[in-house]
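Residue-level listing of the chains:
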Amino acid sequence: DLRPNGLSQAGRMDPESHESFDRARRQMHGIFVGEIQALEGAGRTAFDYSTDETPFAMKLDMARQCWDEARHVEISLMLGDHMGTEVGEYSEAVTLFEAACHPDPVFRLAGVNRALEGLAIDVFTTMRNFAIEVQDPVLEFCEDWMLADEVTHVKMGSTWLRELTKDDADRQKAALDFQRTVDGLFNFRGQRGESREAAIQLARKFREMAGFKTEEIDEIARMAEEQRAQYVTAY
C-alpha cells in the first residue's frame, strides 16, 4: 500500500524490513528527478528577470544553486546505482518545476526554495538517519553532504523573500500563503512529522538554521498532524 514517493502506511523506514529498502530506492529515484527539476528552476530564476526585478546578488545565488543542483543530480544518479535503481524505473511528477514557473520571483522563492527545498531538508535528514541505521556509509556521507547544500538553498530563499518584500507586506503574505499550500501538498497526508515513527522527519534544527521561524515549523507540523488525523478517520 504505497503512498507518494514510496511511503507506506507503516510509517518510517524500518532497517529490519525488506520493504524499507524498496521504499528507499524509490525515494532515491524521486530525489534524482527532483534535483533535475530544481536545477531547471534555479536556472530559470537566474535568467528570467532583469536586475530591476531581482538584485544581481540574488542572480548569483541562483547560479550557485544551479551548480549545487547539477552536482546533486550526479550524486543521486550514482546513489541510484549504489542502491540498485535504474533511471525511469518509477514514474515521477513535475510539481517542483511547476512551482518554479510562477511569474513572480517571490513566489518561486517561497514555493521552491522554502517549501520544496525545505522538504528536501526533511527527506535528506530522514535518508541520512536511515543510512546510519543500516550502516551504509556511502549513503550517509552523500545525504549529509547534500543536506548541507539544501540548508543553504533554503536560507537563500528565506533571505531574498524577506528582502524583496520588505516594503510590500501584502506581497510577502501572498507568497507565504502560496508556500503553505505547497507545504500542505507535500505533507503526504500527514506522513511528515517530528515523531520517530514519521515517514519523513521534520528536521526542526536544520530548518531553523535555514531561516525558518519557530512558528513556521510549528505550522507545518500542525498541518501534517491534521492531515494524518483526517486520513485515519477517512480510512
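One can find the structure itself at the top, above this paragraph.
Residues numbered from 1 in each chain as written. Predicted model: local features only at pLDDT ≥ 70, side-chain atom pairs only at ≥ 80, totals over all residues. Heavy atoms only, no water.

**Q** Just checking my understanding: could you explain the environment of V112 for this structure?
**A** With respect to the element layout, V112 can be found in helix α4 (residues 105-134). If we ignore the near neighbours within four places in the chain, the residues touching V112 are L96, A99, A100, F107 and E117. (Helix = DSSP H or I, 4+ residues; strand = E, 2+ residues; numbered from the N terminus. Contact = heavy atoms within 4.5 Å.)

**Q** What's the story with the environment of T95 in this structure? I'm lost.
**A** Looking at the secondary structure, you find T95 in helix α3 (residues 95-99). On a C-alpha basis, the gap between T95 and F186 in space is 10.0 Å, while along the polypeptide they are 91 residues apart.

**Q** Where do I start with the pattern of salt bridges in this structure?
**A** Pairing between side chains of opposite charge can happen when the charged atoms of each approach one another. Applying the stated criterion across every chain, the model contains 20 salt bridges. Residues E163 and K166 are paired through a salt bridge, measuring 3.0 Å at the closest nitrogen-oxygen approach. The class for K166 is exposed, based on a relative accessible area of 56%. Residues E226 and R222 are paired through a salt bridge, measuring 2.5 Å at the closest nitrogen-oxygen approach. Here the residue E226 and the residue R222 both occupy positions in helix α8 (residues 214-234), the gap between them amounting to four residues, near one helical turn. In this structure, a network of salt bridges that share partners links the residues R64, D68, R71 and D149. (Salt bridge = Lys/Arg side-chain N within 4 Å of Asp/Glu carboxyl O. Buried < 20%, exposed > 50% of the residue type's maximum accessible area, 1.4 Å probe, protein only.)

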